[in-house]
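Structural description and commentary
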Amino acid sequence: MKTNRVAGNDQDRANYVTASDQLKGARIHITGVVQGVGFRPFIYSLAQRLRLAGWVRNTSAGVEIEVDGNPANLNEFILSIERDAPPLARIDSIKTDLMPPNGYTTFEIIHSTAIEQAFQPISPDVSICPDCLHELFDPSDRRYLYPFINCTNCGPRFTIITDIPYDRPNTTMVGFPMCHPCTSEYSDPSNRRFHAQPIACPTCGPFIWLESTKQILPALIEAEEKPSPGTSSREVVGEAQLLLSEGKILAIKGLGGFHLACDATNQQAVIELRQRKLRVDKPFALMMPDIATIREHCYLNDAEQKLLESHQRPIVILKRRPDSTISPDVAPQQDTMGVMLPYTPLHFLLFANLVSWEKSRPSLTGVPPQILVMTSGNLSEEPIAIDNAEARQRLSSLADALLLHDRPIRTRCDDSVVRNFRGDNYPIRRSRGYAPLPLTLLWETPPLLATGAELKNTFCLARSQYAFLSQHIGDMENYETLLSFEDGIGHMERLFKIHPEVLAYDLHPNYLATRYAMARAREQDLPALGIQHHHAHIAACMVDNHLPLEATVLGVSFDGTGYGDDGAIWGGEFLLANYYGYKRLAHLEYAPLPGGDAAIRKPARTALAQLWQAGLDWEPGLPPVGAFCAEEKAALHSQLEHKVNTPLTSSIGRLFDAAAALAGVRQALNYEAQAAIEFEALVDPQERSAYPFELKHSPPLESDPAIKISPAVMFSAMIQDIHSAIPLPHIAARFHNGVAEMVYNTLVAIRNSMGVSLVALSGGVWQNLTLLHKTIDLLESGGFTVLIHHQIPTNDGGLALGQVAISSANLLQRSKLSPS
Ligand SMILES: [Zn+2]
Ligand SMILES: [Zn+2]
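Residues numbered from 1 in each chain as written. Chains lettered and ligands numbered in written order. Predicted model: local features only at pLDDT ≥ 70, side-chain atom pairs only at ≥ 80, totals over all residues. Heavy atoms only, no water.

Quick notes on the coordination of the zinc ion (ligand 2)
Rules: Only nitrogen, oxygen and sulfur atoms within 2.8 Å of the metal, or 3.2 Å for Na, K and Ca, are treated as donors, and water is left out, so sites may look incomplete. Each helix is a run of DSSP H or I of at least 4 residues and each strand a run of E of at least 2, with the numbering of both proceeding from the N terminus. Residue exposure (1.4 Å probe, protein chains only): buried if accessible area is under 20% of the type maximum, exposed if over 50%, otherwise partly exposed.
Protein coordination at the zinc ion (ligand 2): the donors are C179 (SG), C182 (SG), C201 (SG) and C204 (SG), at 2.2 to 2.3 Å from the metal. Written as a sequence motif, the donor arrangement for the zinc ion (ligand 2) is C-x2-C-x18-C-x2-C. You can see C179 sitting in the loop between α4 (130-136) and α5 (180-187) and its partner C204 sitting in the loop between α5 and β6 (208-212), a full 25 residues away along the chain. C179 sits in the buried class, given a relative accessible area of 13%. According to the relative accessible area criterion, C204 is buried, its value standing at 10%.

Have a look at this one:
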């Protein structure tokens, strides 16, 4: 690689060399997210500024640099690479080898080289940057109001990549040949769009149009084929705004899929959307144009604002202001709302004042709706729609019009959801903006695939020190989601050149993800490891907190469900755990779950079963008892007595359901964990007293030696409060306080025998921040160190990472122990 060696004249050399006797050379190799993020132009201008000569190039493993220069400038160069890297770059390692100078005279960006088997991370999709946003609304810019404006610092990435290396022909932009001005921007190292693969403009790029689904737009094109780009985005967006103002529902094609949108302040529109989408109570996400608008409707602290404005632009769960004018049907019975800022140019156009339609519609104010429901574009639990034909087929009955574009989406990617907990991120769904950035393991793993769980599925591929946790796949309950899961695995295996040698799966035999792993293991003759659900949760939390292979924790896995080693449904588990294995030290006492997992939607049944187990009467005055007629009660009683389809459970999710039902919050669910979520929203923060739980130590030699935590005394105390007409917010608080104290008391009992005081909290129930706050306060005051999640969800969306860690650790141990 001596292409430009000592060719320059003396003047050239003088530009770079001030004291030739001091001249040094260096070769630098950088790994991480360093391609497609403006890294080479950054290196180029840095080298120019520091008068270094040499070259930079992409390799399939990262970026490689060779430079000559004086030692001070070389030093500054290496420091600046880390310090001043472009916003989207993520540097994992910089390796520098000093060597004699090569005699370069200029600095160049040279051609990429491929390294067999090497791989490197791919950038997630990124919200529009301030520079592009400025140009979007600059009438003198050639991309004025152009919905697909982007540059190396922003725009689509993961969702448009079809193959590696990341180059335009390997993206869904392949069908858009660049025009002259775009080509020169793309080829100019000093331009913000140098090698910006999705570069586009109104002349050469994608465009938007509207299609009516209900003959409300007779003038617009109804053809199956895409129309020609005759209408400007001003007209299309103006028409879309008009429809939203009139209370219509729009399906809008976005970055990683479709949204269904309507005016969130229009009660009728919100109710109509719920009915069409067959979504009864589950909250809708909102999009608002700016922080000021969000402040009008929600309480917002600095950390939450930072999260909203981050380039990932997740949905952030915020506390609702009581005087907000947003329809309460957006999030019924909740005191929070999921809110995001616009993240694509099209979103910003939708909120902008582009046209005045007062003339044609005098009844309207002329201002586009400023708060939009932006919920995933699907019917009920199907995967979110991504292509136009699919949208016409699946969304036409849900939307009055489709706002389409012709830039294909390769990979479906839902919006991410995050909460703020004590100033730090607490992810609920890790997807757009975050995936497929890898998480780092503190050890080298063999190539692995972990297939995750049933609900909120994500899968995880791993090699070297990288664990690539997938975007949100969804609830694996239908064929479409399974297809999306299989396609996603194949795609990410190709992108990251991972050929799994081992498969890891959840122990539940009926999970579709488990069946996929078993079938593939048979077909490809690969070993497969079954990982216990709650062990995986705790291991995921350990990786999330960068714990090394030899670490041990007290894991509290609080969850709705999870297949146990004994076939029971676990979910209130205290585990002494490391990556290799675990010991079940305590758990909620088993109670029958009449009807099994299928009965989860009926907390009233769960409540009666728990009372039966606790030996408490089904008093007619108690709310869940009142939910059944005499025949139903008799049938349920007989079912419990004769143990007909009554699997045993230690799930704390079910305990929350039962307690919420008993308190009268809700007897039937319309979405997962609804009773617990509404129960939490009722908690009176001033209330200090707590319901008791009883810890039962097992006699020696019992087959299950774990401490059993009995809720019977808790239920008795709550029933007493109900009889004394204690207000519901106090009952809710006493229950939450009681569970927090129960966790503390159990861990103290365990710590005394185990001598471990590092606690990891994981599992879906820890999405209950009221419980999380109370529990952490108690544990920390008792001398425990508490780990929670920061990078991945505490719910089943993070499970696959734990499966990777456990299977990888066990493989390493096996290979360490094998005689070889
Ligand atoms: Zn940009
Ligand atoms: Zn162009």
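On we go from here.
Here's the deal with the coordination of the zinc ion (ligand 1)
Our working definition: Here the metal geometry follows the donor angles, with tetrahedral for four donors whose angles all fall between 85 and 135 degrees, square planar for four and octahedral for six when opposite donors are more than 155 degrees apart and every other angle is between 65 and 115, and irregular for all the rest.
Listed as protein donors to the zinc ion (ligand 1) are C129 (SG), C132 (SG), C151 (SG) and C154 (SG); their distances from the metal cover 2.3 to 2.4 Å. Coordination at the zinc ion (ligand 1) is tetrahedral: its four donor atoms span angles of 103 to 119 degrees at the metal. Each donor residue of the zinc ion (ligand 1) belongs to the same chain, with the gaps between them written as C-x2-C-x18-C-x2-C. What makes C151 buried here is its relative accessible area of 0%.

Remarks on the pattern of salt bridges
Let me state the cut-off plainly: Take a side-chain nitrogen of Lys or Arg and a carboxyl oxygen of Asp or Glu: if they are within 4 Å of each other, that pair is a salt bridge.
Scanning the model with the defined rule gives 34 salt bridges in all. Of the charged contacts in the structure, one is a salt bridge between R83 and E76, with a shortest N-O distance of 3.0 Å. Relative accessible area serves as the criterion here: at 52%, R83 is assigned to the exposed category. With a relative accessible area of 27%, E76 lands in the partly exposed category. A salt bridge links D487 to R410; the nearest nitrogen and oxygen atoms lie 3.1 Å apart. Of this pair, D487 sits in helix α12 (residues 479-495) while R410 sits in the loop between β14 (401-405) and β15 (417-421), and the two are 77 residues apart along the sequence. Judged by its relative accessible area of 38%, D487 is partly exposed. A single salt-bridge network, built from bridges that share partners, covers D131, E135, R142, R143, E185, R192 and R193.

A word on the packing of helix α2 (residues 39-49) against helix α3 (residues 71-83)
This is how the line gets drawn: Lines are fitted to the C-alpha atoms to define the axes, a helix being fitted only along its stretch in contact, and any angle between axes, read from their N-to-C directions, falls within 0 to 180 degrees. For classification, angles of less than 35 degrees are called roughly parallel, those exceeding 145 degrees roughly antiparallel, those between 65 and 115 degrees roughly perpendicular, and all remaining angles oblique. In this scheme the handedness of a crossing depends on how the near helix is turned from the far one: anticlockwise by less than a right angle means left-handed, clockwise means right-handed. Residue contacts are defined here by distance: any two heavy atoms, one from each residue, within 4.5 Å place the two residues in contact. Put simply, Ala, Val, Leu, Ile, Met, Phe, Trp, Tyr, Cys and Pro go in the nonpolar bin, Asp, Glu, Lys and Arg in the charged bin, and everything else, Gly too, in the polar bin.
Here α2 crosses α3 at 150 degrees, and the two axes come no closer than 10 Å. The pairing of α2 with α3 is recorded here as roughly antiparallel in orientation. The chirality of how α2 crosses α3 is right-handed. Together, F39, F42, I43, L46, A47 and R49 of α2 and F77, S80 and I81 of α3 make up the contact between the two elements. Its residues assigned to classes, the contact of α2 with α3 comprises seven nonpolar, one polar and one charged.

What to know about the packing of aromatic side chains
Put simply, the test is: Two rings belonging to Phe, Tyr or Trp (six-membered ring only in the last case) form a pair when the distance between their centres is within 6.5 Å. Interplanar angles under 30 degrees mark stacking, angles over 60 mark edge-to-face geometry, and anything in between is tilted.
One pass over the structure, following the stated rule, counts 15 aromatic pairs. Between F679 and F735, the ring centres sit 5.6 Å apart and the planes meet at 35 degrees, which makes this aromatic pair tilted. Residue F679 is found in helix α19 (residues 674-682), and its partner F735 is found in helix α21 (residues 728-754); the two are separated by 56 residues along the sequence. Comparing F679 with F735 shows no difference in burial state: the two are buried. Three or more aromatic residues joined by ring pairs make a cluster, and in this case those are F459, F485 and Y516.

Thoughts on empty space enclosed by the protein
To keep things clear, this is the line we draw: Every definition here rests on a 1 Å grid over the protein atoms only: cavities are sets of points where a 1.4 Å probe fits but cannot get out, pockets are open sets enclosed by protein on both sides within 12 Å along at least five of seven lines, and lining residues have some atom within 4 Å of a point. Grid points are joined across faces, edges and corners, and a volume is the space filled by probe spheres set on the points.
Applying the stated criterion across every chain, the model contains two cavities of 30 Å³ or more. Here the largest cavity is characterised by a volume of approximately 170 Å³. For the largest cavity, the lining is made up of 20 residues, of which P147, L255, T344, P345 and R407 are closest to its centre. With three residues, helix α10 (residues 345-351) is the largest single contributor of residues to the lining of the largest cavity. Residue composition of the lining of the largest cavity, by class: eleven nonpolar, seven polar and two charged. By volume, the second largest cavity amounts to about 40 Å³. Across the lining of the second largest cavity, the residue classes break down as four nonpolar, four polar and one charged.

Thoughts on the sheet that holds strand β20 (residues 528-531)
Cut-off, in case you're wondering: Between any two strands, at least two bridges found by DSSP are needed for them to pair.
Read from one edge to the other, the open sheet built from four strands follows the order β18-β17-β19-β20, with strand pairing classed as mixed. Only two strands of the sheet have a single neighbouring strand rather than two, namely β18 (460-469) and β20. Taken pair by pair, the neighbouring strands of this sheet meet at an average axis angle of 60 degrees, ignoring direction. Pairing geometry for strand β17 (residues 439-450) and β18, over six bridges, is antiparallel. Paired with A450 across the bridge in β18 is C460.

Comments concerning the nonpolar core
So the rule is basically this: We define a nonpolar core as any set of buried Ala, Val, Leu, Ile, Met, Phe, Trp, Tyr and Cys residues linked to one another through side-chain atoms lying within 4.5 Å.
The biggest cluster of nonpolar side chains holds 68 residues, and the ones touching the most others in it are F558, F574, M718, F735 and M742. The leading source of residues in this core is α21, at ten residues.

Thoughts on the pairing of strand β11 (residues 315-320)
Burial within β11 is extensive, with five of its six residues counted as buried. The pairing of strand β10 (residues 298-299) with β11 spans two bridges and is classified as antiparallel. Residue C298 lies in a different strand from β11, and its bridge partner there is R320. Note: β11 against β15, two bridges, orientation parallel. For I315, the partnering residue across the bridge sits in β15 and is V417.

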